[in-house]
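So you can see what is in the structure, the chains are spelled out below.
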Amino acid sequence: TVIVLDFGGQYNQLIARRVRECNVYCEIYSYKTDLEKIKAMEPKGIIFTGGPNSVYLEDSPSYAKEIYDLGIPVLGICYGSQLMMHQLGGKVCKAPVREYGKIEVTVDQSSALFENVSEKTICWMSHNDYIEQAAPGFKIIAHTPDCPVAAVENVEKKLYATQFHPEVLHTKEGKQMLANFVFNVCGCAGSWKMDSFVEESIKAIREKVGDGKVLCALSGGVDSSVAAVLLSKAVGDQLTCVFVDHGLLRKNEGDEVEAVFGPDGNYNLNFIRVNAQERFYEKLKGVEEPEAKRKIIGEEFIRVFEEEAKKIGAVDFLVQGTIYPDVVESGVGGESTVIKSHHNVGGLPEHVDFKEIIEPLRDLFKDEVRKAGLELGIPDYLVFRQPFPGPGLGIRIIGDVTAEKVQMVQDADAIWREEIAKAGLDKEVNQYFAALTNMRSVGVMGDERTYDYAIALRAVTTTDFMTAESAEIPWDVIGRTTSRIVNEVKHVNRVMYDCTGKPPATIEFE
Ligand code: XMP
């Protein structure tokens, strides 16, 4: 294992990811984590991340100096490099010239860190402070015209530091540098793979759970599905999954989930489907404001889940499908500034009797969760599902929600998804769906006047779902979809395409 110590940088997830791409397992911990805890994990290497502070100011994040004397290799990146120099007797101050962006760096190819790296290589810099003087015992192994100390090493103590960010793709040979650190310096074997993750998780879960009872809320989404299958492989029918069908799922989705996880499905677990449609529609009656709808759906979801859990009685463990970006986004685990509070249906039920939470996917990224899912034999269409909000179609219907409107948006959405897939666009467009606007307008069908609803089609491309662009869908695909929707879906007489990006819109249409 390599441990990444988080000092509040924006690219920390990337560091962990790059290390795992070397097939070396990696976990991120806050800089507030106790040294004893880090020692107990016996890491093969430690990486200090960047961060927004200045090391020479009081109250800036720091770490116990003993960490440099453990004989465990440490790589400091950006703030991490400055911290290492500052603590070990070098000098860090405000840089006369601030470096930002792609900068050509000259490296010392004889260093283990720069093996197979070009002598002049483009690296990503982003710093206001710089290392004016390396700490005693350190050799300068890289520089730029404006940054005399762009990287240093102390071979004997296995300490390395770079002012630039090897983890971002703009650093052309950054992957090589991180691979050099984990292999040449830390001596990692590089044998960690998704199948070892799956195997080790199953083993660890078995040990932890023993013959205890486990309860899981299954939504049919990627994360909860992978978590559920992992648990069922580990403890079989000691696991009960409760699937709440709130009547706001996509067309046929409830039955699809049941087909995979239910009694006729592929897994050994107790599956309980709760058909709670009526309850949700009743609670949502006349409610128009999207946040209000979200709250009602979230709360009702927990109530239904609790009622089912009560029937089961006390359980020992509750499974959550939390993945790493959830941890960071909600600001729970990460040191970086909270960007978006995660909005998921669920949260923790108050009235379920359990002792401990299990979050088997807490350290994985979405694409890694998908890989684990494939490793576990979960069908492709579940593993590669597009994101779907917890409150479901409840927020893709503008204005009040009724059973009829749910059906309209379900049918229109199914047609849109089908046409996108037929056109072979389903892999390149990251999210696409239909929403029901609350607008009615006049149309003509046969010789009859109609006064019906308008459907909005949405399709976006995005890498991180924080920003997005409206996808340029070929006109004929939109045309075919439009004519199918107005013909096949009752009470829809108009279809519009949403051309707005995020910002200023959001991805959802709520
Ligand atoms: P917005 O609409 O905020 O959405 O641009 C960004 C991404 O998050 C998804 N989303 C949700 N996911 N629970 C979720 O798990 C939610 O309540 C929720 N709301 C939005 C949205 O589909 C998009 O992928």
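What you see as residue numbers is a count from 1 along each chain, following the sequence as written. With pLDDT at 70 or above as the cut-off, local features in this predicted model cover only qualifying residues; side-chain atom pairs require 80 or more to be listed or tallied, and sums for whole chains, interfaces and linings still use all residues.

Attention now moves to the pairing of strand β11 (residues 239-245). The side chains of a regular strand alternate between both faces of the sheet. The buried fraction of β11 amounts to seven of the seven residues, a majority that puts the element mostly inside the structure. Residues Leu239, Cys241, Phe243 and Asp245 line one face of β11 and the alternating positions Thr240, Val242 and Val244 line the opposite face, and both faces are buried. For two strands to pair, DSSP has to find at least two bridges joining them. Only DSSP runs of H or I covering at least 4 residues are called helices, and only runs of E covering at least 2 are called strands; the numbering of each starts at the N terminus. Where strand β10 (residues 214-217) meets β11, four bridges bridge the pair, whose relative direction is parallel. Looking at β11, one finds that leucine 215 is bridged to threonine 240. With the strands pointing away from the viewer, any crossover whose connection runs clockwise from the first strand over the helix to the second is right-handed. In this region the chain leaves β10, passes through helix α6 (residues 222-235) and returns to the parallel neighbour β11; the handedness of that crossover is right-handed. Judged from the six bridges that link them, β11 and strand β12 (residues 270-275) form a sheet pairing that is parallel. Within β12, the position partnered with valine 242 by the bridge is isoleucine 272. Three exposure classes are used, all based on how many other C-beta atoms lie within 10 Å of a residue's own C-beta (placed from the backbone): buried at 20 or more, exposed at 12 or fewer, and partly exposed between those limits.

Reading across the sheet, the five strands line up as β12-β11-β10-β13-β14 and stay open at both edges, with parallel pairing between neighbours. Whereas interior strands pair on both sides, the edge strands pair on one side only; in this sheet they are β12 and β14 (356-358). Averaged over all neighbouring strand pairs, the angle between strand axes comes to 25 degrees, with direction disregarded. Angles here are taken between N-to-C directions and fall from 0 to 180 degrees, while the axes themselves are lines fitted to C-alpha atoms, restricted in helices to the stretch in contact.

Attention now goes to the environment of isoleucine 103. In this fold, isoleucine 103 is placed in strand β5 (residues 91-107). Linking isoleucine 103 and threonine 467, residues 364 residues apart in sequence, is a C-alpha distance of 26 Å. We call two residues in contact when their backbone-placed C-beta atoms lie within 7 Å. For isoleucine 103, the residues in contact, after removing those within four places along its chain, are Cys123, Met125 and Thr144.

Attention now goes to the site of the ligand. In the vicinity of the ligand lie twelve residues, with Pro387, Pro389, Thr506, Ile507 and Glu508 positioned nearest. Class assignment for the residues of the shell around the ligand results in five nonpolar, five polar and two charged. To decide nearness, the C-beta atom of each residue is placed from the backbone, and the residue is near a molecule or strand if that atom lies within 6 Å of it. Each residue receives one of three labels: charged for Asp, Glu, Lys and Arg, nonpolar for Ala, Val, Leu, Ile, Met, Phe, Trp, Tyr, Cys and Pro, and polar for the others, Gly being one of them.

We now examine the UniProt feature "binding site: ATP" (unreviewed entry) in the protein. UniProt positions are given in the numbering used here, feature names are shortened, and annotations may be inferred rather than shown by experiment. As recorded in UniProt, the sites labelled "binding site: ATP" (unreviewed entry) are Ser219, Gly220, Gly221, Val222, Asp223, Ser224 and Ser225. Of note, glycine 220 is situated in the loop between β10 and α6. Among the residues examined, glycine 220 registers 21 C-beta atoms within 10 Å and is labelled buried. The contact partners of glycine 220, leaving out residues within four places of it in the chain, are Ser225, Phe243, Glu253 and Val257. Checked against the element boundaries, glycine 221 lands in the loop between β10 and α6.

Note on definitions: a nonpolar core is a set of buried residues drawn from Ala, Val, Leu, Ile, Met, Phe, Trp, Tyr and Cys, linked by C-beta atoms within 7 Å. If you look at the biggest cluster of nonpolar residues, it comprises 80 residues, and the most contacted ones within it are Cys216, Val226, Leu231, Cys241, Ala412 and Ile455. Considering each element in turn, this core owes the most residues, nine residues, to α6. Among the domains, domain 2 (194-383) and domain 3 (402-497) are the pair contributing at least three residues each to this core. In this view, cysteine 216 contacts Ala227, Ala228, Leu231, Leu239, Cys241 and Val319; residues no more than four positions away in its chain are not counted. Membership of the second largest hydrophobic core comes to 62 residues, among which are Val24, Leu113, Ala179 and Val182. Where each domain begins and ends follows an automated or database-derived domain assignment.

Spatially, nine strands are ordered β2-β1-β3-β4-β9-β8-β7-β5-β6 in an open sheet, and the strand pairing comes out mixed. Looking along the sheet, the strands with just one partner apiece sit at the ends: β2 (26-30) and β6 (120-133). Looking at each pair of strands side by side, their axes are set apart by 25 degrees on average, direction ignored. With two bridges connecting them, β5 and strand β7 (residues 139-144) associate as antiparallel partners. Its bridge partner lying in β7, valine 107 is registered against alanine 142. Sheet strands touched by helix α3 (residues 79-87): β3 (45-48), β4 (74-77), β5, β6 and β9 (159-162). Its angle to β4, the strand with the most contacts, is close to 115 degrees.

Counting buried residues along strand β8 (residues 147-154), six of its eight residues qualify, which places the element largely inside the surrounding structure. By the bridge criterion, four bridges tie β8 to β9 in an arrangement that is antiparallel. Each bridged residue has a counterpart across the sheet, and for valine 152 the counterpart in β9 is alanine 161. The antiparallel pairing of β8 with β9 creates a hairpin that spans four residues between the two strands, and lysine 158 there sits at a positive phi of about 60 degrees.

Glancing now at the packing of helix α13 (residues 403-422) against helix α14 (residues 475-488). Taken N-terminus to C-terminus, the directions of α13 and α14 make an angle of 150 degrees; their axes are 10 Å apart at the nearest point. Our classification of the angle between α13 and α14 gives roughly antiparallel. Seen from above, α13 lies across α14 with right-handed handedness. Touching Asp411, Ala412, Ile415, Trp416 and Glu419 of α13 are Val477, Arg480, Thr481, Arg484, Ile485 and Glu488, all from α14. Geometric relationships in this document are graded by angle, where less than 35 degrees denotes roughly parallel, more than 145 denotes roughly antiparallel, 65 to 115 denotes roughly perpendicular, and other angles denote oblique. For any pair of crossing helices, the crossing counts as left-handed if the nearer helix is rotated counterclockwise from the farther one by less than a right angle, and right-handed if it is rotated clockwise.

Between the first and last C-alpha of α14 there are 20 Å, a value that for 14 residues agrees with the 20 Å anticipated at 1.5 Å per step. Within α14, the full set of buried residues consists of Thr481, Thr482 and Ile485. Buried residues along α14 cover an arc of 105 degrees about the axis, so they all sit on one side. Exposed residues lying more than 90 degrees from the buried face of α14 are Asp476, Gly479, Ser483, Asn487 and Glu488. The inward-facing, buried residues of α14 contact α13, β16 (448-461) and β18 (492-497). Here the expected length of a helix is defined as 1.5 Å per residue gap, with one fewer gap than residues. This arc corresponds to the set of directions leading from the helix axis out to the C-beta atoms.

Bringing unusual backbone geometry into the picture now. Cis rather than trans, the peptide bond between lysine 502 and proline 503 has omega equal to -15 degrees. Inspection of the secondary structure puts proline 503 in the segment after β18. The omega torsion across proline 503 and proline 504 is 10 degrees, close enough to zero to call that bond cis. Examined against the element boundaries, proline 504 turns out to sit in the segment after β18. Unusually for a residue other than glycine, cysteine 78 sits at a positive phi of about 50 degrees. If you trace the backbone, cysteine 78 turns up in the loop between β4 and α3. What makes cysteine 78 buried here is the crowd of 26 C-beta atoms within 10 Å. In the Ramachandran plot, lysine 158 falls in the positive-phi region, its phi being about 60 degrees despite a non-glycine side chain. Relative to the helices and strands, lysine 158 resides in the loop between β8 and β9.

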